[in-house]
Amino acid sequence: LPVAQMRFLSFHLPLHRFLASCLRKVALRPNIADGTNFNGVSGLLAKLKVTESVVKLQQVYNGLIEFPILVLSRAAQIRSKLWSRNGRKMLDQVFNYSEPSLCRTLRDADLLLVQFALIAHASLAEEKIDDALKGSGGFQRFTCTYFTNLLMHRFSIFEFIGFESAPDRHEERYLTELANGIWGEHDGSSRNRRTAVKPWVYSVTKEPDRSSSMLDEFLHLMIMMITELPSPIAADKSDYLNQAKSRLRREVVHRLVSGPKTHGDLAEIRHGLPIQDNEALAEEGKLVNPIDAAGAALEAVLVEVADCKSILRKPDNWQLQRWAWNEYDPAFYHISVQSHQNAAENRPIGIETERFGEKVASFPYAPFPPPAHESFVRLRKDITSDSNIVSILYRVLHMHCCDRHSQEQKFKTCRYYDKKAQSEIVIGRVLHLLTLGAYAWENMTISDQWGKDGGCDVGSIFVGSSDTPTQRHWIEKVLLGNPRDITSSEMYRGEETIIEFLNKLSRDGGSKHFQVEDKAIRAGAAWLCEYAVRCSPKAAAMIGRQSHTLNQNAETDMQRRRREAKERALRQMQEKMKKFEDTIINVEDIDAMNAKEKTPPNGPTRTSPMVVDDKYVGSDSETSSTPNPVASGFMEYSGTDLRKKDQDSLQTQENILRCIVCADDSRDSFLSKEKHGHKVGPKVLTLCGFVQASTVLKGGGGAPSAEGGEMSNLVGTHVSLCGHAIHKSCCSSLLKEGGNREKRSEFQCPLCRRLSNCLIPFIDVDKDWTKSHQSSFTEEKQINTKGLHEFLETTKWWVSRNDNSFIWNGRYSFIPNTAESEEISFFAFMTSKKSWGKKDIYKAWSSVMSSSSFVRREDSRLSESDSLQTSSHSDNSSIGPVSEVWKRFMDVCTDISFKADEKRLGEERLQHNLGEFRHYLVEKVVFNERNRRNGVAPSAWPVCTGMMLTHDARQGLSAEKLISKLFMTIQSFTYSCCAEESECKRQLQVDSASNKAKISSSFGIAKIACKGSLLILPKLSLINESEQGLFDGKIGRLRYCAQALMLATMPLSREVVQLSMDFPLSEESISQPDGISRASIVFPLLCGHILTHVVAAMCASCGKERSCSDTMSKSFASEASKSTARFENIRDCKKFIQLGYIAKVLQVLLGFLQQQLNYLPSESSHLEKHILHFITNVLNREASSIMSWEKNCGHLLRVAFQSRCTSDVDTSKGFASDLSIDTFVNACMKAKEAGYSYLCNTCLIFQVLVPESSSNFDNLDFNCDDEEVYKLMGISLDEMLSSPLVCEVINNWYETGRPKTPGSELEQGLDCTSSMFRAIDWPHVVYERSLVNEAKNSISSPKRFKQCLPLLRGSISINGGGIKNDKPRIKALPVSYTDLYAELGALSQNISSIAVCLVCGEVLNSDGKGECTKHAYECGGGCGIFFLLQDCYGLLIHKDLAAHVPSPYVDSHGETPHYRGRPLFLDESIYNAFCEYWSGHSARQMVISERSKYIGLDNNFF
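All of these numbers come straight from a predicted model, not from anything done at the bench.

Colleague: Requested: an account of the overall build of the protein, with residues and values cited.
Modeller: The helix and strand tally for the protein stands at 57 helices and 27 strands. Within the protein, buried positions represent 55% of all 1502 residues. Restricting to contacts in the protein with at least 6 residues of sequence separation, those with at least 24 account for 75%. Summing over all exposed atoms, the protein offers an accessible surface of approximately 65,700 Å²; the carbon and sulfur share of this is 50%.

Have a look at this one:
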């Protein structure tokens, strides 16, 4: 019974804990008990026996043990989920009680008191007690059996495990003891046989699984009683230091068994160690590292038992070495249950050894316990030889390993034999105790006084033994003992012994109804069997020479879990795919029914833009039986024809790409098929893409100053693809099933979870595009050796000069000049000399994009004009499914950039400079401003223009808007290619040589040439080369977008080339539009972004070549003609690049000189005279000292000004600020640098658009110089300027881009030439960053406070585009965190929570006012990267969303230890990750990824 029920006792828990602390101090002292001197634990017990009576001491010891057992049992009940109604708070209390860092003060103290009470009771057994005192009940012997019996009642497992109550079995003895007062004070009636009340056993639960959990807690407590004993007495200081290191090592090993840990995770170990240990370790650590003395001792242990795993951009992880697993204790009490579960999965199988001719994996389940105090070590023998414990161990093994108990009735009455009570954890506890028993009885010394060392008291299996028990005796008593004698129960007569159960457990893994999965349990059982065979001949005779071999070929627990997880994931994916398929069918049926109900009499209408149309664009099943115009002039085809696989056909991309939702073969995407009785319309295969606003190539930074040019004002648009395909209808159904609206702006790729906000139509490619071609050398040489003059003289791209069949309508299109022309344009037949409109463009896109190369018949007889004639009679009111996807993609590219500019600059400021390809917005602003002055209310475009808006006029204006969006999309593609090129070069420069191959693979490049300035993509093999490699990597995946761009520009190829390259137009070749002033759809070449113009021209040429190779026209039917078309396309692209190079050099020259001479755009005539005066009087005079490049630049300027200054320049007239030689040379060098940068960009994009062109760069390597690139691309400025046609084109460029004479206010607002020429433009932004060298020097240098690293935007110089300096900012990032803290603290003394923008260095307030979010729109177009100073965290922002990332400032272990006082320095790899977030455009994706791991921060908080 509890002590409090028998007598009054008052000894509260605080006194218990205080006494435990005192006992810890006493245990450190040597044992002295010689009658006069008392010291240590032995001295304390001897002193107490001298001063107090035995009865009183027993009462005190009973009081010491009562409350700790009560608390330990209640904590076990809570862990067994018996107090679930108390909620989480009770679990938190148990966690604080039994887990570091409070466990040493609470649970460990209670454990020590119980251990001390047991050895104190054992010391009383040596005293002589009067028989009268024994009979009166004043004294009862408190042995280990009494203690285990008490625990079984406190843990409520007495009846559960099958024990019988002693008063029921021995009633006479109970009545006698009751009469003697042993069972407490009772009245006389209680001693009567009839009226006596027998004690009963109280159980807190009747559920088998909960009772089994309590049994586990009981066995775990027994293991801790044996293992976690006070340490031996230290002989001296050095001995104590070794003991402290051993305890630290044990703690470290058990922290690492659950998985790799960082140094910061292991720093908490000191809380589980005694204070004396920490002091001793710190004192020695000062000799190694005075700054971090405690960390030095931990570091020494880690080096000994673990391996340091360095992970890029993450803290160093320490992983336990394999041999150190031998020290792992499965019942170690300073780590959590979850950690032990992880350790069980990670624990390696033992080393294989030869035994009985077979390979066996056996090792002890538990290590040898640590050395113990000489006064406490007897507990190991007392507990492992206790008859109660041995009986419990046998019963547990019998329940799990016996095959007969499920059939026999005598076992069915015991609750423990319920299947719910089976537990692998309990089996592990049993093996643990048996292993500890084997250790405890090793190396016993033969002595007559062996009982003083424990194991001989009442209730022990060795009680009454005259011989000293050894390990052999323990094996024969426990492992080989008769089950009936062990359990004192007839129920187990004739059952198997413990060693037989162990043999079965190691060999078979248990019984038929229970199998263990933990290999360590089977290996531990095998080791016990080997131990018994080695030490006992009886054991060897009983189990024979059986091999306890584990199946070495069997999969480990971790492998099994992974296999089952993969199987479950595969089943779930298949079920989900079928569910999506059914969902798509149901959605299409519902939408089709709704469309049928709402269909007007004149024709069908679309119901939802995300639902697939049932018919192709242009076909009307009710009124027309003509072939589908989507085939663009091809015969009708059937499903049978499509499913035939021609042996000579090519494996196209479409056969490789499959929808990640329905997994349909995309070849069926163009068919109307039936599934489950439902008709399914055409499925449009698309790719998930993400379009985002970007300022990376434009220098980044905060809101630019009002004087900044367009380059620094407006954002760019970056497009990225994950490469996964999905049907448009599947995507729509997926969003609907997820509860998302169709117009949701962002979603995640269903497969890779990459952030996406658009779909890009997948365009199938033909074999001709995906392989290299061997052709006649003469033919290729004849095409490629033509100079720029010959090209301009013969090319059809210069329509107004070389093709009289068309005239320019003055805005955006060529129209037929005669009714009978030899070759008509794509829309000539439909328009009949009228300008085509929006519907015609949609029709053309549907035709060229919806046609697939593998469905085209080689025997097609329809020509292009026949196809157009057929399609002209079809319905034009709807858009095809592929055109709809393409239109949405163009809208996303246009809208995202505009919204970002509007939030970055503000509406009023943006209206002053809307940029290129936004003519409809410019007209809306200018005309509405005029209307406002005239008292007319503002209106939408094009109503605000005041034009007569007939049907044809509206179609034409809408076509202009589509063309503008097409150019904006081309610019987005150009920006993306340049951004990936810049990031690839940056990573190749920063990272080590070992990572270069990985970087090249991630970007999809083959090599880098010309000192790292030119990227070369993989070339195509001549035979048997899979085209999948063309689309690998970040740059390779942009080819998907390029395919769509080429086909989108193909119907408008002549118009796109004319708008982009700005060829001269003769007056007779221009059809003058109405007299209303209009804004230019595309800026003149010298006023716009030249690289985008050139890329647009290349897309048009490649699109035209695609139409030829896909047999879109009769004139390109033969293979020879196709080969010629390919080489002509390569030739045309090179010539466009050459023209763009001239324009780029001229643009930079004009812009730089205009800035240096301080001329306004309106003073262009003065600038011209000034430059010509310099060329005539200075440059010619100093010709001998001027390099050829400067001479060519001067000649280029003279050519540009030739129509402005026909007469000789008056040399007698002076100028206010003469142009010096140095200024002119500097301008020429800037132009040369910009020209070469342009050339590298166009070469890369050229390879993206034309994969075959990569073979042209084979001869270039890293050591090649710039001249090799010029020679390869045919760039020779003096040779090109010798052509009169080139000079004519150059002069036309300048004339169209030259600022016009100021007219009316309306004309000035619409004029795009009123700004200065661009001296610098993206992507020509120089990042002066040497991250590796600066980081290494700053960390190794003793003067760290003087070292800094550049910000993420680098060192950028943009003339006229400076950043506003009205807010405090830093110019560079200090390497030392202390220096950064001091600098920012001085700049922002009134800010309590400081954030610094890592892009531009601006200092902001992060206390919840949204300043960081607002700055992210100004600095990065909605993307921001910050460092929170006080919190020491990185902060990423995407729109209004924010997420924390690890700090770039770390200590020597790669961590950011908050409030630990360690010096922090900028880590190179982490800061490089921040650079990749910014320049690699991955910050937004990182925000979404981090927010999915935890509850995100409040929107718009920072």
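Colleague: Can you tell me about the packing of helix H12 (residues 237-256) against helix H14 (residues 275-285), naming the residues and giving the values?
Modeller: Two elements in contact, H12 and H14, have axes whose closest approach is 9 Å; the angle formed by their N-to-C orientations is 105°. As far as their axial angle goes, H14 and H12 are roughly perpendicular. On H14, the residues touching Lys237, Tyr240, Leu241, Ala244, Lys245, Arg247 and Leu248 of H12 are Gln276, Asp277, Ala280, Leu281, Glu283 and Glu284. Its residues assigned to classes, the contact of H12 with H14 comprises 6 nonpolar, 1 polar and 6 charged.

Colleague: Lay out the pattern of salt bridges in plain terms, naming residues and giving numbers.
Modeller: Using the criterion set out here, one finds 42 salt bridges in the structure. Close ionic contact of Arg888 with Glu884 constitutes a salt bridge, the shortest N to O distance being 3.1 Å. Within this pair, Arg888 and its partner Glu884 are both found in helix H37 (residues 881-905), separated by 4 residues, close to a single helical turn. For Arg888, a relative accessible area of 28% puts it in the partly exposed group. Assessed through its relative accessible area of 9%, Glu884 is described here as buried. Ionic pairing is found between Asp1132 and Arg1131, a salt bridge with its closest N-O pair at 2.7 Å. The same class applies to Asp1132 and to Arg1131, which are both buried. Through salt bridges with shared partners, one network takes in Arg484, Asp485, Glu490 and Arg493.

Colleague: Quick rundown of the sheet that holds strand E24 (residues 1433-1438)? Include the residues and the values.
Modeller: Overall, antiparallel pairing links the 5 strands, which are arranged E22-E21-E23-E24-E25 in an open sheet. For this open sheet the edge positions go to strand E22 (1403-1405) and strand E25 (1441-1445), each flanked by a neighbour on one side alone. In this sheet, adjacent strand axes meet at a mean angle of 35° when their direction is disregarded. Two strands pair when backbone bridges link them, and E24 and E25 are joined in this way by 5 bridges, in the antiparallel orientation. Following the sheet pairing, Ile1437 is matched in E25 by Ala1442.

Colleague: Got a sec to walk through the packing of aromatic side chains? Specific residues and values, please.
Modeller: Centre distance and the angle of the planes are the two values used to describe a pair of aromatic rings. The full count for this structure, using the stated rule, is 35 aromatic pairs. Judged by centre distance (4.5 Å) and plane angle (45°), the rings of Phe142 and Tyr146 are tilted. With a centroid separation of 5.4 Å and an interplanar angle of 20°, the aromatic rings of Phe917 and Phe967 are classed as stacked. Of this pair, Phe917 sits in the loop between helix H38 (907-910) and helix H39 (919-933) while Phe967 sits in helix H40 (residues 951-990), and the two are 50 residues apart along the sequence. Side by side, Phe917 and Phe967 carry an identical accessibility label, which is buried. Three or more aromatic residues joined by ring pairs form one cluster here, namely Phe368, Tyr439, Trp527 and Tyr531.

Colleague: Any details on helix H20 (residues 424-440)? Residues and values, ideally.
Modeller: In this model H20 runs 24 Å from its N-terminal to its C-terminal C-alpha over 17 residues, within 8% of the 24 Å that 1.5 Å per residue would give. Of all 17 residues that make up H20, 15 are buried, and the element is covered over most of its length. The N-cap residue of H20 is Ser423: its side-chain oxygen and the backbone nitrogen of Ile425 are 3.3 Å apart.

Colleague: Before we move on, could you go through the nonpolar core and cite the residues and values that matter?
Modeller: Leu792, Trp886, Phe973, Phe1063, Leu1197, Leu1249 and Ile1290 are the most contacted members of the largest nonpolar core, which totals 224 residues. One finds Ala343, Val396, Leu502 and Ala523 within the second-largest nonpolar core, a separate group that totals 145 residues.

Colleague: Requested: an account of the side chain of Glu251, with residues and values cited.
Modeller: On the secondary structure map, Glu251 appears in helix H12. Residue classification places Glu251 among the buried positions, given a relative accessible area of 5%. Within the local environment of Glu251, its side chain forms a polar contact with the side chain of His334, the two groups lying 2.6 Å apart. With residues up to four places along the chain from it excluded, the contact list for Glu251 reads Ile269, Gly272, Leu273, Phe332 and His334.

Colleague: Quick one: what's the story with the environment of Val305, residue by residue and with numbers?
Modeller: Counting through the fold element by element, Val305 comes out in helix H15 (residues 293-305). On the basis of relative accessible area, Val305 is assigned to the buried category, the value being 0%. For Val305 and Val253, which are 52 residues apart along the polypeptide, the C-alpha to C-alpha distance reads 7.3 Å. For Val305, the contacting residues outside a window of four places in its chain are Arg249, Val252, Val253, Leu320, Gln321, Trp323 and Ala324.

Colleague: Got a sec to walk through helix H3 (residues 40-51)? Specific residues and values, please.
Modeller: Taking 1.5 Å of rise per residue, 12 residues should cover 16 Å, and H3 covers 17 Å from first to last C-alpha, within 8% of that figure. Of the positions making up H3, those classed as buried are Gly40, Val41, Gly43, Leu45 and Ala46. At its buried positions, H3 is contacted by helix H2 (13-27), strand E1 (32-33), strand E2 (38-39), helix H4 (54-79) and helix H6 (107-124).

Colleague: Summarise the sheet that holds strand E3 (residues 261-262); cite the residues concerned and give the values.
Modeller: Pairing in this open sheet of 3 strands is antiparallel, and the strands run E3-E5-E4 from one edge to the other. Single-partner strands in this sheet number two, and they are E3 and strand E4 (306-309). Here E3 pairs with strand E5 (residues 317-320) via 2 bridges, running antiparallel. Each residue of the ladder has a partner; that of Lys261, found in E5, is Trp318. The strands touched by H12 within the sheet are E3, E4 and E5, with E5 carrying the most contacts at an inclination of about 95°.

Colleague: How would you summarise unusual backbone geometry if you had to cite specific residues and measurements?
Modeller: Of note, the bond from Pro100 into Ser101 is cis; its omega dihedral lies within 30 degrees of zero at 15°. Looking at the secondary structure, you find Ser101 in the loop between helix H5 (87-98) and H6. Residue Pro942 is bonded to the preceding Trp941 through a cis peptide linkage, with omega at 10°. Considering the arrangement of structural elements, one finds Pro942 in the loop between H39 and H40. Its identity is not glycine, yet Ser156 carries a phi of approximately 60°, on the positive side. Topologically, Ser156 is positioned in the loop between helix H8 (144-154) and helix H9 (166-169). Residue class for Ser156 comes out buried when judged on its relative accessible area of 5%. Here the phi dihedral of Asn1500 falls at roughly 60°; this positive angle occurs in a residue that is not glycine.

Colleague: Tell me what's going on with a nonpolar patch on the surface, and back it up with residues and numbers.
Modeller: On the surface, Val197, Trp200 and Tyr202 cluster together into a nonpolar patch covering about 450 Å² of accessible area. Its location among the elements puts Trp200 in the loop between helix H10 (171-179) and helix H11 (208-227). The exposure class of Trp200 is exposed, given its relative accessible area of 69%.

Colleague: Requested: an account of the confidence of the model for the protein, with residues and values cited.
Modeller: Put simply, the protein has an average pLDDT of 78, and 76% of its residues get 70 or more. Across residues 1357-1363 the pLDDT falls below 50, and counting only partners more than four positions away or on other chains, this stretch makes 22 contacts in the model.

What counts and what doesn't
- Residues numbered from 1 in each chain as written.
- Predicted model: local features only at pLDDT ≥ 70, side-chain atom pairs only at ≥ 80, totals over all residues.
- Heavy atoms only, no water.
- Helix = DSSP H or I, 4+ residues; strand = E, 2+ residues; numbered from the N terminus.
- Buried < 20%, exposed > 50% of the residue type's maximum accessible area, 1.4 Å probe, protein only.
- Contact = heavy atoms within 4.5 Å.
- Areas by Shrake-Rupley, 256 points an atom, 1.4 Å probe, with all protein chains shown as cover.
- Axes fitted to C-alpha atoms, helices over the stretch in contact; angles between N-to-C directions.
- Parallel < 35°, antiparallel > 145°, perpendicular 65-115°, else oblique.
- Nonpolar A, V, L, I, M, F, W, Y, C, P; charged D, E, K, R; others polar.
- Salt bridge = Lys/Arg side-chain N within 4 Å of Asp/Glu carboxyl O.
- Pairing = 2+ DSSP bridges.
- Phe/Tyr/Trp six-rings, centres within 6.5 Å; stacked < 30°, edge-to-face > 60°.
- Expected span 1.5 Å × (residues − 1).
- Polar contact = N/O pair within 3.5 Å; in protein donor to acceptor, adjacent residues only side chain to side chain.
- Core = buried A, V, L, I, M, F, W, Y, C linked by side-chain atoms within 4.5 Å.
- Patch = residues over 30% accessible without salt bridge, like charges linked within 9 Å, V, L, I, M, F, W, Y side chains within 5 Å.
- pLDDT = per-residue confidence, 0-100.

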